[in-house]
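# Structure assessment
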Amino acid sequence: MEKNYAIKVENLVKHFGKDDTLVEVIDGADFSIEKGELVALVAPSGAGKTTLLMMIGCVEDPSSGTIWLGNEKVYENKWLTKETRKIRREKIGFIFQAHYLIPFLNVIDNVTLVPQTNGVPQKEAESFAMELLEYFDIADKAHNMSSELSGGQNQRVAIARALANKPEIILADEPTAALDNKRSVSVVQMLKKIALDQNVAIIMVTHDEAMLPLCDRILKIEDKKVVSEVVSENGGMI
Amino acid sequence: MINLAKKDIAHTLGKFIVTSMGVGMLLGIVLIMIGVYRGMIIDAQVLLNDLKIDLWVVQENTLGPFAEPSRLHEDMKNTIKVTEGVAKSEGLTFQNLQLPLEGNEVRVFAVGFDPFGDISPIDSTKIVAGRGLERDHYEMVVTDKTGFKVGDKVPLGRDVYSVVGVTHGTVSSGGDPLVYVSLKDAQALQFLYSNARTRNDRERGINALNSHMINAVVATVKEGYSVDEVADTIRTWKHNSVYTATEEKTLLTKNLIKMASKQIGMFTVILVVVSTIIIALIIYTMTLEKMKEISIMKLIGLPNSMIIKMIVQETLLMGVLAFMFANIFAHLIYSKFPKRVVLETPDALVLFVVVILASILASFVAVHKVMKANPAEAIGG
Ligand SMILES: Nc1ncnc2c1ncn2[C@@H]1O[C@H](COP(=O)(O)OP(=O)(O)O)[C@@H](O)[C@H]1O
Ligand SMILES: [Mg+2]
């Protein structure tokens, strides 16, 4: 494998349905993302952004193609492991538009759930979770339930959860859509810092043009293919 | 490791406990039903045990005196007494009576015996007030369930009886409260008709019936003699049937057990099935309410085993809680039942095992739902 690729996709195809109801969403995607890169995924609604993310996240079955996550080839016309969930909990962090925290767990339990499932001792998982919560300035809510937090606080907890298993890849599907502009910028800056500090590859779906200058690169879905663009110079860092 | 079941239940504790209580009351009724059955079996044997005799002699070809009517002449007790191997023998009568009490009627089962005879059906340790019978006429010993007290006057037939003693825990094989009267009084009540009827009969040429009848002769066997052999000796004389105490007990309980165990067994099975279905429905509903969270847990990579463990643990806990409430409920109300209810620990333990198995079964539907949940749907909508 080529060096430093966190994600590499070759000739990835995804269609839903059959015959009359056949919908081709992705028709031969080829791209790769390096460790430490924050990449924006931009396309109109219904173009297949979520579908693409979910295939990389080993949630949605592709129709054909190849997917590498790090050095591991996980998909080649079929999943190469029965334990796609193990890949998810060990290598990937997910962030969505909604926080999707488990309502019957408090903040710290939500953040430590996946690491503890991975076998990290409770104490260790909790001290790392507290570090993350402190980083996101929400440590004082560690023992609150998600229902007691504001939308922005919950989203920060959700990001902490995505980082808690020290993932190699973060898949963020419109993480800022529910936030105001100021908070959106701060979340994306946070993601950028995480990508650099922890050498994590991040794909972030966004509709918000203002976020693009903060990213290293832009992927677009055009004509069922994925194309890569550099960030235009006039954006720059805020 | 985080225990998901514990956290989820803590989140909906009130609802979980109230639901368990409801199921617990159903299971409590199961315990009571089994208790009623146990009570019936015990009731059936009280009178036999109190008598402490070895042999029952009854009218020939009958299963008397309880399972079938039986009539013998009173002098049969003398014939039995002189039989080789017999120590004591007495004649007894048995009949159902309605006694008037404060405007109501109490249904009782009356035992007639000779107060001066060798064998008494009253176990003196069960007398809680007053004394046993000491006169040949118009005295009555009653069991406390009848509601009578020592000194009460009870008009019965042509006479008024005085309550001289109260026993506790004595019932007929059918669970009716027992009263004891002298053999002479009992014969008058059972075999003599009213003056008008007697006069009427005489005019029609029917002579007054002989009142020296009894329903059974009971006897004990001398030490050194075998009960079965003495029974065989008496049997050889025709005109009577003989049962050993063990055979009489079997006669009384066999039919009862056959009937009651079917009846109560059916109720018990139905209630357990209903409880299982209710637990299954509750757990299924609880699972449906968590479908979104379950999809998310699958999406972020939790293995099925963790989620299934949560469901099964919740179901088991509901079963255990319901079982505990069942026992509390049953012990609170069992003494309020008119007939004997006996709650036995082994029965409760069997029910516990059944409830645990039923809970595991009940979780299957929900577990199936969990297995089918699609993680991709977590983020849809
Ligand atoms: N389970 C499915 N069955 C059929 N079609 C689907 C399914 N999931 C998504 N699609 C279709 O795939 C296309 C891409 O969907 P999606 O990836 O959600 O788009 P985006 O996230 O870019 O808005 C849409 O046209 C959608 O209707
Ligand atoms: Mg989408």
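In this text, all values refer to a predicted model and were calculated from it rather than measured experimentally.

### A short note on the pattern of salt bridges
All names here are of chain B. As enumerated under the stated definition, the model contains 27 salt bridges over all chains in all. Among the salt bridges present, the one from E247 reaches R235, with a minimum N-O distance of 3.3 Å. Pair noted here: E247 is in helix α7 (residues 245-289) and R235 is in helix α6 (residues 227-235), with a separation of 12 residues, a long-range link. Classification of E247 by relative accessible area gives partly exposed; the value is 33%. Take R235: its relative accessible area is 32%, and that puts it in the partly exposed class. Here the salt bridges share partners, and the residues they tie into one network are D8, K290 and E314.

### Comments concerning the sheet that holds strand β10 (residues 225-230) of chain A
Residue and element names in this part refer to chain A. Here 6 strands make up an open sheet; going across it, the order is β6-β7-β8-β3-β9-β10 and the pairing mixed. Each end of this open sheet is capped by a strand with a single partner; those strands are β6 (92-95) and β10. Each neighbouring strand pair of the sheet contributes to a mean axis angle of 20°, computed without reference to strand direction. Across 6 bridges, the pairing between strand β9 (residues 217-222) and β10 is antiparallel. Looking at β10, one finds that L219 is bridged to S228. In this fold helix α5 (residues 151-164) packs onto β6 and β7 (169-173), with an angle of close to 165° to the strand it touches most, β6.

### Examining the interface of chain B and chain A
With 24 residues of chain B at the interface, the matching set in chain A holds 23 residues. Between the two partners, chain B and chain A, sit 1 salt bridge. Among the salt bridges present, the one from D109 of chain A reaches K7 of chain B, with a minimum N-O distance of 2.7 Å. Run the count over chain B and chain A and you get 8 residue pairs in polar contact (both at pLDDT 80 or more). Ranked by residue count, the leading element in the side of chain B that touches chain A is helix α8 (residues 291-299) of chain B, at 6 residues. Classifying every residue of the side of chain B that touches chain A by side-chain character gives 15 nonpolar, 3 polar and 6 charged.

### Details of the domain arrangement of chain B
For interface size, the figure often reported is the accessible area lost on association. All names here are of chain B. Each assigned domain of chain B is listed with its residue range as follows: domain 1 (2-43 + 259-380) and domain 2 (60-239). On a C-alpha basis, the centres of domain 1 and domain 2 stand 50 Å from each other. Listed by partner, the interface residues are 5 residues for domain 1 and 8 residues for domain 2. Regarding the contact of domain 1 and domain 2, the summed buried area is about 410 Å², with carbon and sulfur atoms giving 35% of it. A per-residue breakdown of the area domain 1 buries against domain 2 is headed by D43, K339 and R340, which together make up 81% of the total. Summed over the shared surface of domain 1 and domain 2, the result is 0 salt bridges. Our count for the domain 1 to domain 2 interface comes out at 3 residue pairs in polar contact (both at pLDDT 80 or more). Each residue belonging to the side of domain 1 that touches domain 2 can be placed in one class, and the counts come to 2 nonpolar, no polar and 3 charged.

The rules we used
- Residues numbered from 1 in each chain as written.
- Chains lettered and ligands numbered in written order.
- Predicted model: local features only at pLDDT ≥ 70, side-chain atom pairs only at ≥ 80, totals over all residues.
- Heavy atoms only, no water.
- Salt bridge = Lys/Arg side-chain N within 4 Å of Asp/Glu carboxyl O.
- Helix = DSSP H or I, 4+ residues; strand = E, 2+ residues; numbered from the N terminus.
- Buried < 20%, exposed > 50% of the residue type's maximum accessible area, 1.4 Å probe, protein only.
- Pairing = 2+ DSSP bridges.
- Axes fitted to C-alpha atoms, helices over the stretch in contact; angles between N-to-C directions.
- Contact = heavy atoms within 4.5 Å.
- Polar contact = N/O pair within 3.5 Å; in protein donor to acceptor, adjacent residues only side chain to side chain.
- Nonpolar A, V, L, I, M, F, W, Y, C, P; charged D, E, K, R; others polar.
- Domains from an automatic or database assignment.
- Buried area = accessible area lost by both parts, 1.4 Å probe.

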